[in-house]
Amino acid sequence: MANDFQFDDDDFAKDSGAGSGSRVKKEFDCPGCNANNPVDETFTDGDEVRCNYCGCEYKALINQEGRVRFREL
Ligand SMILES: [Zn+2]
């Protein structure tokens, strides 16, 4: 075959876990008080998170590059 791609699907799927560039997150920095919050369960785009320190709730918006932004609820 002319097209000799070496593309490993399994490797790609493995990358959907938490990590940089991933859209699934295990922690976040509170935009209100700057505290780092680990979460019990992962969260992803559209999920709501709550800061353990100041109690503020935010909706997480995660873009394609894995950057997280928060909108206060
Ligand atoms: Zn906070």
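Residues numbered from 1 in each chain as written. Predicted model: local features only at pLDDT ≥ 70, side-chain atom pairs only at ≥ 80, totals over all residues. Heavy atoms only, no water.

Chemist: Just checking my understanding: could you explain the environment of F43 for this structure?
Modeler: Along the chain, the position of F43 falls in strand β2 (residues 36-44). Residue class for F43 comes out buried when judged on its relative accessible area of 4%. Between the alpha carbons of F43 and K26 there is a distance of 6.6 Å; along the sequence they are 17 residues apart. Those residues in contact with F43 that lie beyond four places of it in its chain are R23, V24, K25, E27, F28, V49, A60, I62, V68 and F70. (Helix = DSSP H or I, 4+ residues; strand = E, 2+ residues; numbered from the N terminus. Buried < 20%, exposed > 50% of the residue type's maximum accessible area, 1.4 Å probe, protein only. Contact = heavy atoms within 4.5 Å.)

Chemist: How should I be thinking about the side chain of N37 in this particular structure?
Modeler: The topology assignment puts N37 in strand β2. Reaching out from N37, the side chain makes a polar contact with the backbone nitrogen of N52 at a distance of 2.7 Å. Apart from residues lying up to four places away in sequence, N37 is in contact with K26, E27, F28, C30, R50, C51, N52 and Y53. (Polar contact = N/O pair within 3.5 Å; in protein donor to acceptor, adjacent residues only side chain to side chain.)

Chemist: Looking at this structure, I do not really get the coordination of the zinc ion. What am I missing?
Modeler: Geometrically, a metal with four donors at the corners of a regular tetrahedron has ideal angles of 109.5 degrees, and one with six donors at the corners of a regular octahedron has ideal angles of 90 or 180 degrees. At this site the zinc ion is bound by C30 (SG), C33 (SG), C51 (SG) and C54 (SG), with donor distances of 2.3 Å. Coordination geometry of the zinc ion: the 4 donor atoms subtend angles of 105 to 118° at the metal centre, consistent with an arrangement described as tetrahedral. Here the donor residues of the zinc ion are spaced in sequence according to C-x2-C-x17-C-x2-C. (Donors = N, O, S within 2.8 Å, 3.2 Å for Na, K, Ca; no water. Tetrahedral: all angles 85-135°; square planar, octahedral: opposite > 155°, others 65-115°.)

Chemist: For this particular structure, what's the right way to read the pattern of salt bridges?
Modeler: Oppositely charged side chains can pair when the atoms bearing their charge come close. Within this structure, the stated rule accounts for 1 salt bridge. Residue D45 is joined to R23 by a salt bridge in which the shortest nitrogen-to-oxygen separation is 3.6 Å. Of the two residues, D45 is situated in the loop between β2 and β3 (48-50) and R23 in the loop between α1 (9-14) and β1 (24-29); the sequence distance between them amounts to 22 residues. By relative accessible area, which is 35% here, D45 ends up partly exposed. (Salt bridge = Lys/Arg side-chain N within 4 Å of Asp/Glu carboxyl O.)

Chemist: Got a minute to help me understand the sheet that holds strand β5 (residues 68-72) in this structure?
Modeler: The strands making up a sheet are joined through hydrogen bonds of the backbone, oriented either antiparallel or parallel. Pairing is antiparallel across the open sheet formed by 3 strands, whose spatial order is β3-β4-β5. Two strands bound the open sheet, and with one partner strand each, they are β3 and β5. Neighbour to neighbour, the strand axes of the sheet diverge by 40° on average, direction disregarded. Alignment of strand β4 (residues 57-62) against β5, held across 5 bridges, turns out to be antiparallel. Looking at β5, one finds that A60 is bridged to F70. (Pairing = 2+ DSSP bridges. Axes fitted to C-alpha atoms, helices over the stretch in contact; angles between N-to-C directions.)

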